[in-house]
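Structural description and commentary
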Amino acid sequence: MAWWSDLVASEPDFAARVRARFAVRKHGTMATLRRDGSPRISGTEFDFGDDGQLRLGSMAGARKAHDLLRDPRVALHCPTEDAPEADPAAWAGDAKIAGRAHEEPPGEDGSHRFRIEVTEVVLTRVGDPPDHLVIESWHPDRGLVRRRRR
């Protein structure tokens, strides 16, 4: 198992850049799997805790929480910002995290809380010159890999 703290320990610069993408706005997007296997997209808030854990939560009885209790696979997407038209290479990028949700004790109001086991982290940005994409991905077993795509 790998946690956010494992990424921070192995690739602190990459982890900081990914975390910065998730911090551009309060709400990001989470994908879960419904009972029939089809995807569900939900807005959510992310918490990169001082303890090195990535967590998210939901109101008591929320469908997305029931999805995670049944099937813990989850994908998280940062809030989005468009690349500047005048200088696409200045764009800080787009970040995604895939993993498994582990239930934690509920809040006093019955809200759900989950700690995210990290299975993949990806940061995509426009290269310089802006004729290609730079895709950086981290996996617990492979570490950080950088690719260019035209």
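Residues numbered from 1 in each chain as written. Predicted model: local features only at pLDDT ≥ 70, side-chain atom pairs only at ≥ 80, totals over all residues. Heavy atoms only, no water.

**Describing the nonpolar core**
The following threshold applies: What is meant by a nonpolar core is a set of buried Ala, Val, Leu, Ile, Met, Phe, Trp, Tyr and Cys residues, joined one to another through side-chain atoms within 4.5 Å. Partly exposed residues are those whose accessible area sits between 20% and 50% of the maximum for their type, while under 20% is buried and over 50% is exposed, using a 1.4 Å probe and protein chains only. Only DSSP runs of H or I covering at least 4 residues are called helices, and only runs of E covering at least 2 are called strands; the numbering of each starts at the N terminus. A contact between two residues is defined here by any heavy atoms of the two lying within 4.5 Å.
Within the largest apolar cluster, 28 residues are counted, with the highest numbers of intra-cluster contacts made by Trp4, Val18, Phe22, Leu76, Ile97 and Val121. Elements with a contribution of two residues or more to this core: α1 (4–10), α2 (12–22), β3 (46–48), β4 (54–58), α3 (63–70), β5 (73–77), β6 (94–104) and β7 (112–126). Top element by residues in this core is β7. It accounts for five residues. Among residues more than four places away in sequence, those in contact with Phe22 are Phe46, Phe48, Leu76, His77, Cys78, Pro79, Ala95, Lys96 and Ile97.

**A look at unusual backbone geometry**
Of note, the bond from Asp128 into Pro129 is cis; its omega dihedral lies within 30 degrees of zero at 10 degrees. Looking at the secondary structure, you find Pro129 in the loop between β7 and β8 (133–139).

**Some remarks on the pattern of salt bridges**
Let me state the cut-off plainly: Here, a salt bridge means any side-chain nitrogen of Lys or Arg that lies within 4 Å of a carboxyl oxygen of Asp or Glu.
A complete count under the given rule lists 16 salt bridges for this structure. Between Arg17 and Asp13 there is a salt bridge, with its nearest N and O atoms 3.1 Å apart. In this pair, Arg17 and Asp13 are both assigned in helix α2, four residues apart and thus about one turn of the helix distant. Assessed through its relative accessible area of 25%, Arg17 is described here as partly exposed. A salt bridge links Glu81 to Arg25, with the nearest nitrogen and oxygen atoms 3.9 Å apart. With Glu81 in the loop between β5 and β6 and Arg25 in the loop between α2 and β1 (28–33), this residue pair connects regions lying 56 residues apart in the sequence. Residue classification places Glu81 among the partly exposed residues on the basis of a relative accessible area of 35%. Sharing partners across several salt bridges, the network here consists of Asp13, Arg17, Arg125, Glu136 and Arg146.

**What to know about the packing of aromatic side chains**
The criterion, for reference: Ring pairs shown here join Phe, Tyr and Trp side chains whose ring centres sit within 6.5 Å, with only the six-membered ring taken for Trp; geometry is labelled stacked below 30 degrees between planes, edge-to-face above 60, and tilted in between.
Inspection of the entire model under this criterion finds three aromatic pairs. Taking 4.8 Å as the distance between ring centres and 65 degrees as the angle between the ring planes, the aromatic pair formed by Trp4 and Phe48 counts as edge-to-face. Highlighted residues: Trp4 in helix α1 and Phe48 in strand β3, separated in sequence by 44 residues. Ring geometry for Phe22 versus Phe46: centroids 4.9 Å apart, planes at 90 degrees, classification edge-to-face. Here the residue Phe22 occupies a position in helix α2, and Phe46 occupies one in strand β3, the gap between them amounting to 24 residues. For Phe46, a relative accessible area of 16% corresponds to the buried category. Site record: aromatic cluster; members linked through ring pairs are Trp4, Phe22, Phe46 and Phe48.

**Comments concerning the environment of Asp141**
Tracing the backbone through its elements, the reader meets Asp141 in the loop between β8 and β9 (143–149). Along the sequence, Asp141 and Lys96 sit 45 residues apart, while their C-alpha atoms lie 18 Å from each other.

**Re the pairing of β8**
Every other side chain in a regular strand lies on the same face of the sheet, so the side chains alternate between the two faces. Cut-off, in case you're wondering: Two strands make a pair as long as DSSP finds a minimum of two bridges between them.
Among the seven residues of β8, six are classified as buried, and the element is accordingly described as predominantly covered. Bridge count for β7 against β8 is six bridges, and the pairing is antiparallel. Pairing of Thr124 across the sheet is with Ile135, part of β8. A loop of six residues connects β7 with β8, the two strands running antiparallel in sequence. Bridge analysis of β8 against β9 gives seven bridges, and the strand direction is antiparallel. Paired with Leu133 across the bridge in β9 is Arg149.

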